[in-house]
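# Coordinate analysis (summary)
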Amino acid sequence: MTYLDHAATTPMLPVAVARYSEALGRVGNPSSLHTAGRRARKDVEEARESIAGAVGALPTEVVLATGGTEADNLAVKGIYWARREADPRHTGVVVSAVEHHAVLDAAEWLAEHEGATLHVLGVDETGRVHPSALRELLAAHADEIAVVSVMWANNEVGSVNDVRALADVAHEFDVPLHTDAVQAVGSLPVDFATSGADALSLTGHKLGGPVGVGALLLRRDASCMPLLHGGGQERDVRSGTLDVAGTLSLAAAVHAAVDDVPRRTVELAGLRDDLVARLVAEVPDATLNGVPLDAAPVAGGPARLPGNAHLSFPGCEGDSLLMLLDAHEIECSTGSACTAGVARPSHVLLAMGVEEAAARGSLRFSLGHSSTAADVDAAVAAIGPVVERARGALARS
Amino acid sequence: MRVLAAMSGGVDSAVAAARARDAGHDVVGVHLALSAKPATMREGARGCCSVEDSHDARRCADVLDIPFYVWDMAARFTEDVVEPFVAEYAAGRTPNPCLRCNEKIKFSAVLDRALALGFDAVVTGHYARLTDGVLRRAVDPDKDQSYVLGVLTADQLAHAMFPLGESPKSEVRAEAARRGLVVAEKPDSHDICFIPSGDTRGFLADRLSEAPGELVDAVSGAVLGRHSGVAGFTVGQRHGLGLQAPAADGRPRYVLGIEPVSRQVTVGPVEELDVHALSASAPVWHGGHGVTEDVVVQVRAHGGLAPARVTVSDDGLEAALAEPLRGVAPGQAVVVYSGDRVLGSATITSTR
Ligand SMILES: Cc1ncc(COP(=O)(O)O)c(C=O)c1O
């Protein structure tokens with residue numbers, strides 16, 4: 001099997017597996033006062049400090065949650081509610097057009113059920129949000145905006161935003177900014193404090209940790225209403241008995257992945273550049289979507305996720321490509337999976353101005369920590385005949 | 001062979017896929033998404049197009065350990081099945097959308113794509129037998145679906161597989177349970193999959209700009225009442241005519257004919273429904289069409305059988321029925337059988 005879908009989920013790192021399985025055998029609720037509880041509390045707090053240290057946050061800013069989806073919902077809805085309560089005029093929600101559904105649908109839900117006004121920030125043809133676009137929007141609506149959410153790195157095409165510049169603009173207008181950094185942490189240099197963001201989502205399973213554990217980094221001075229009410233374990237912003245084993249494993253993974261970023265960035269980008277060049281050599285009319293591989297850096301880091309290769313293959317249905325590659329034991333994706341499994345053209349590509357037909361005929365190959373040159377070779381070897389077949393299928397239907 | 005199993009999420013297509021796999025074929029399951037906006041959950045026993053059905057199909061494929069994909073056929077389905085369905089009613093005819101779906105979607109759009117992608121055949125959970133290109137009725141007479149498959153050409157049948165034709169439904173359900181397929185007890189879907197409410201009249205009313213017309217007594221020519229539009233009336237229909245006064249003889253009245261241009265719906269007593277002969281167009285013949293005596297025609301999906309003498313022309317057929325049939329509606333298919341063998345299928349244009 002050639003696994004080229006690390007952006008969907010990536011294998012757990014051995015240290016994370018070890019930490020997880022070792023911790024699973026121990027009892028203890030971190031909220032209990034006895035010895036087992038104290039021990040669990042100590043483990044969780046050490047893990048929290050480790051996570052905070054790795055991503056440039058304070059330990060109190062780490063709100064543990066079940067992953068990216070919960071962190072995104074908590075940030076968008078929680079900050080919206082808190083800001084609206086502080087000032088009833090704050091009913092605007094600003095999101096970029098290319099957000100993950102965890103942000104986009106949360107914002108749409110607020111518009112449908114909570115009286116919010118939704119403002120969607122457009123992106124350029126590479127999928128990036130320009131700070132000037134945010135400034136223009138805030139200049140017109142500053143008094144009404146409760147929260148801005150713009151992702152750090154896009155999960156489909158890998159484009160990286162200048163979060164610092166965006167946060168600066170938001171703060172000029174006294175508006176808090178959340179960033180979904182689920183794809184960024186462990187792949188790019190991410191420092192919460194210097195990013196200027198007020199809230200940042202991360203999740204374990206995209207960086208070598210377990211599924212179902214993640215965090216919202218939330219600035220000490222940011223106000224946020226809870227989604228989940230109960231014991232108030234996490235700063236009263238999030239309730240639920242803490243997942244000790246998951247948190248320890250998450251911390252081990254975050255630590256290892258972040259330490260490895262400088263090496264990974266170079267190594268993965270090398271493999272990815274090779275993959276793109278050779279795919280295009282096999283299929284000369286294939287085009288790379290998103291930021292060009294030689295684009296200038298963003299905030300001192302790569303302008304594109306180093307493991308991301310997203311291409312359109314004219315005359316093909318992404319569905320057909322996926323199925324044929326699957327039959328060749330090559331696992332990749334058409335972008336983001338959808339509930340019914342029905343492939344709709346990606347909202348990300350459409351927002352970038354890609355035409356619907358081209359959007360339907362695209363594939364995402366995403367590399368990660370276990371990727372090798374042999375994976376690239378396998379994909380390159382398969383693509384020619386697969387594209388030819390898929391073209392035949394589209395031509396006939 | 002590499003075969004593509006069309007999996008609706010129901011018990012029949014799941015067992016069909018399983019049998020194809022057991023027969024040694026390399027099977028890939030595909031669920032056809034036919035609605036652009038599928039409902040989340042199935043409504044009662046109707047339909048097969050909800051997200052829940054798609055999940056059922058996926059679950060079965062996983063149990064069978066075969067790859068599974070969803071193919072978006074919503075646009076084609078709308079264009080080739082739903083829109084013609086509405087247009088046929090608007091023209092006063094009674095379409096059969098399941099037949100059209102087999103003809104235009106499953107064994108056309110899907111089959112074409114499958115062949116282009118390197119598959120050899122499409123396998124479905126239809127109850128029919130297919131041996132050496134000869135299409136026959138299924139052994140389970142209650143379940144037999146050869147009527148809605150008769151429209152397939154020899155070329156289409158050459159790439160079709162119907163593994164359930166030899167089995168009674170009860171056996172298929174038992175086999176599904178034995179195989180651990182969660183859909184073993186799932187109710188049969190009936191009605192029209194894209195009208196999950198079952199309200200065909202309402203569905204049509206939403207889509208057609210309807211104009212009122214008269215309900216006329218076929219015998220006396222008297223105007224008995226008015227209707228709000230012809231769509232949804234079907235020849236043979238008894239209920240929902242909106243007539244206040246009973247007939248002079250106190251007997252029920254039935255729709256005998258629909259005239260879309262004048263929008264006149266004629267009604268009359270049951271014996272006026274008797275059809276002794278019919279004409280049909282757009283025929284598809286299987287393996288020549290020499291046999292015209294000693295045949296049986298079927299004029300709707302369930303029942304509606306009569307011995308007949310069939311005269312074949314280039315672009316149609318005439319059938320003289322040995323026994324009258326009731327409720328024969330233009331737009332439906334007439335399928336010609338010799339014993340259990342399907343000889344051909346055509347679309348009914350008129351009846352006498
Ligand atoms: C950008 C982005 N945000 C949020 C999520 C959701 O994260 P999780 O799977 O942890 O809920 C994902 C993963 O699919 C993602 O790629």
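Residues numbered from 1 in each chain as written. Chains lettered and ligands numbered in written order. Predicted model: local features only at pLDDT ≥ 70, side-chain atom pairs only at ≥ 80, totals over all residues. Heavy atoms only, no water.

## Quick word on the overall build of chain A
Each helix and strand in chain A was counted, giving 12 helices and 12 strands. The C-alpha radius of gyration computed for chain A amounts to 21 Å, which stays within 12% of the reference 21 Å derived for 397 residues, consistent with globular compactness. For chain A, buried positions account for 56% of its 397 residues. The long-range share in chain A, meaning contacts at least 24 apart out of those at least 6 apart in sequence, stands at 76%. When the accessible area of chain A is evaluated, it comes to approximately 15200 Å², of which 54% is carbon and sulfur surface. When the 30 basic and 51 acidic side-chain charges of chain A are each reduced to a single mean position, those positions are 5 Å apart. (Helix = DSSP H or I, 4+ residues; strand = E, 2+ residues; numbered from the N terminus. Rg over C-alpha atoms; globule rule 2.2 N^0.38 Å. Buried < 20%, exposed > 50% of the residue type's maximum accessible area, 1.4 Å probe, protein only. Contact = heavy atoms within 4.5 Å. Areas by Shrake-Rupley, 256 points an atom, 1.4 Å probe, with all protein chains shown as cover. Lys, Arg positive; Asp, Glu negative; His and termini not counted. Charge placed at Lys NZ, Arg CZ, Asp CG, Glu CD.)

## Let's talk about the packing of aromatic side chains
All names here are of chain B. Taken as a whole and judged by the stated rule, the model has seven aromatic pairs over all chains. Between Phe85 and Phe203, the aromatic rings sit 6.2 Å apart at their centres with planes inclined by 65°, giving edge-to-face as the arrangement. One end of the pair, Phe85, is in helix H3 (residues 74-90); the other, Phe203, is in helix H7 (residues 200-207), with 118 residues separating them in the sequence. Ring centres 5.6 Å apart and planes at 55° place the aromatic pair Phe194 and Phe203 in the tilted group. Since its relative accessible area comes to 15%, Phe194 is described here as buried. Taken together, the aromatic side chains of Phe77, Phe85, Tyr89, Phe194 and Phe203 make up a single cluster linked through ring pairs. Cation over ring: Arg201 sits above Phe233, and NZ or CZ is 4.6 Å from the ring centre. (Phe/Tyr/Trp six-rings, centres within 6.5 Å; stacked < 30°, edge-to-face > 60°. Lys NZ or Arg CZ within 6 Å of the ring centre and 35° of its normal.)

## Here we look at the site of the ligand
Residues and elements named next belong to chain A. Not every one of the 13 residues close to the ligand is listed here, only the nearest: Thr69, Asp180, Gln183, Thr203 and Lys206. Residue Gly68 places a main-chain N or O atom 2.8 Å away from an oxygen atom belonging to the ligand. Within the side chain of Gln183, one N or O atom sits 2.8 Å away from an oxygen atom of the ligand. Burial of the ligand by the protein chains amounts to 84% of its free accessible area of 390 Å². (Near = heavy atom within 4 Å. Polar contact = N/O pair within 3.5 Å; in protein donor to acceptor, adjacent residues only side chain to side chain.)

## Description of the nonpolar core
Among the nonpolar cores identified, the biggest contains 78 residues, and Phe313(A), Phe365(A), Leu4(B) and Trp71(B) are the most heavily contacted of them. Counting 67 residues, the second largest nonpolar core, distinct from the first, contains Val123(A), Leu138(A), Val213(A) and Val244(A). (Core = buried A, V, L, I, M, F, W, Y, C linked by side-chain atoms within 4.5 Å.)

## Here we look at the environment of Val265(B)
Following the sequence through the fold, Val265(B) ends up in strand S11 (residues 264-268). Linking Val265(B) and Leu215(B), residues 50 residues apart in sequence, is a C-alpha distance of 4.9 Å.

## Observations regarding the environment of Ala71(A)
Residues and elements named next belong to chain A. Among the secondary structure elements, Ala71 is positioned in helix H3 (residues 68-86). Take Ala71: its relative accessible area is 0%, and that puts it in the buried class. Through-space distance from the C-alpha of Ala71 to that of Glu61 is 13 Å; in sequence the pair is 10 residues apart. For Ala71, the contacting residues outside a window of four places in its chain are Ser201, Ala215 and Leu216.

## A few points about the sheet that holds strand S12 (residues 362-366) of chain A
Residues and elements named next belong to chain A. Taken together, the three strands give an open sheet; going across it, the order is S9-S10-S12, and neighbouring strands pair in antiparallel fashion. Pairing within the sheet leaves two strands with one partner each, and these edge strands are strand S9 (287-288) and S12. For S9 and strand S10 (residues 308-312), the ladder comprises two bridges, and the chain directions are antiparallel. Residue pairing in the sheet places Leu288 in a bridge with Leu311 of S10. On the sheet, helix H8 (residues 244-282) packs against S9, S10 and S12 and is oriented at approximately 15° with respect to S10. (Pairing = 2+ DSSP bridges. Axes fitted to C-alpha atoms, helices over the stretch in contact; angles between N-to-C directions.)

## Description of the domain arrangement of chain A
Residue and element names in this part refer to chain A. Splitting chain A by domain gives domain 1 (2-10 + 261-396) and domain 2 (14-258). Taking the mean C-alpha position of each, domain 1 and domain 2 sit 27 Å from one another. Summed over both sides, the interface between domain 1 and domain 2 buries roughly 2600 Å², with carbon and sulfur atoms accounting for 57% of that surface. Scanning the region where domain 1 abuts domain 2 turns up zero salt bridges. Across the contact surface, domain 1 and domain 2 share 15 residue pairs in polar contact (both at pLDDT 80 or more). Elements supplying a minimum of two residues to the side of domain 1 that touches domain 2: H8, S10 and helix H10 (347-351). (Domains from an automatic or database assignment. Buried area = accessible area lost by both parts, 1.4 Å probe. Salt bridge = Lys/Arg side-chain N within 4 Å of Asp/Glu carboxyl O.)

## Topic: the interface of chain B and chain A
Between chain B and chain A, the residue contacts involve 22 residues of the former and 20 residues of the latter. When the two sides are added together, the surface that chain B and chain A hide from each other amounts to roughly 1700 Å², 55% of it contributed by carbon and sulfur. Contact with chain A buries surface across chain B, with Tyr69(B), Arg113(B) and Leu117(B) losing the most and accounting together for 34% of the total. The tally of links between chain B and chain A comes to one salt bridge. A salt bridge links Asp72(B) to Arg360(A), with the shortest nitrogen-to-oxygen separation between them at 3.9 Å. Connecting chain B to chain A are three residue pairs in polar contact (both at pLDDT 80 or more). Elements supplying a minimum of two residues to the side of chain B that touches chain A: strand S1 (2-6), strand S2 (26-33), helix H2 (51-64), strand S3 (68-72) and helix H4 (97-116) of chain B.

## Side note on the pattern of salt bridges
A side chain of one charge can pair with a side chain of the opposite charge if their charged atoms are brought near each other. All names here are of chain B. Considering all chains together, one arrives at 45 salt bridges over all chains under this definition. A salt bridge links Arg93 to Glu88, with the nearest nitrogen and oxygen atoms 2.9 Å apart. We note a salt bridge from Glu175 to Arg179, for which the minimum N-O separation is 3.0 Å. Owing to a relative accessible area of 8%, Glu175 belongs among the buried residues under this scheme. Judged by its relative accessible area of 23%, Arg179 falls in the partly exposed class.

## Observations concerning the sheet that holds strand S2 (residues 62-65) of chain A
Residues and elements named next belong to chain A. The sheet built from seven strands is open, its strands ordered S2-S8-S7-S6-S5-S3-S4 with mixed pairing. In this open sheet, the two edge strands, each paired with only one partner strand, are S2 and strand S4 (117-121). On average, each strand axis in the sheet is inclined to that of its neighbour by 20°, with strand direction left out of account. In this structure, strand S3 (residues 92-96) lies alongside S4, joined through five bridges in parallel fashion. What sits directly across from Val94, in S4, is His119. Where helix H2 (residues 35-55) meets the sheet, it contacts S2 and strand S8 (214-218), and its direction lies at approximately 115° from that of S2. Packed on one face of the sheet, H3 meets S2, S3, strand S5 (145-149), strand S6 (177-180), strand S7 (199-203) and S8 and runs near 160° to S5.

## A look at the UniProt feature "site: Interaction with tRNA" (unreviewed entry) in chain B
Residue and element names in this part refer to chain B. Mapped onto the present numbering, the UniProt feature "site: Interaction with tRNA" (unreviewed entry) falls at His126 and Gln332. Tracing the backbone through its elements, the reader meets His126 in the loop between strand S4 (121-123) and strand S5 (128-131). Here Asn102 takes part through its side chain, which lies 3.3 Å from a polar atom of the side chain of His126. Positionally, Gln332 belongs in the loop between strand S15 (316-325) and strand S16 (333-338). (UniProt positions renumbered as here; feature names shortened; annotations may be inferred.)

## Quick look at the environment of Ala5(B)
Residues and elements named next belong to chain B. Position of Ala5 among the secondary structure elements: in strand S1. Between the alpha carbons of Ala5 and Pro168 there is a distance of 20 Å; along the sequence they are 163 residues apart. Filtering out sequence-adjacent residues up to four positions away, Ala5 remains in contact with Ala17, Val27, Val28, Gly29, Val30 and Val123.

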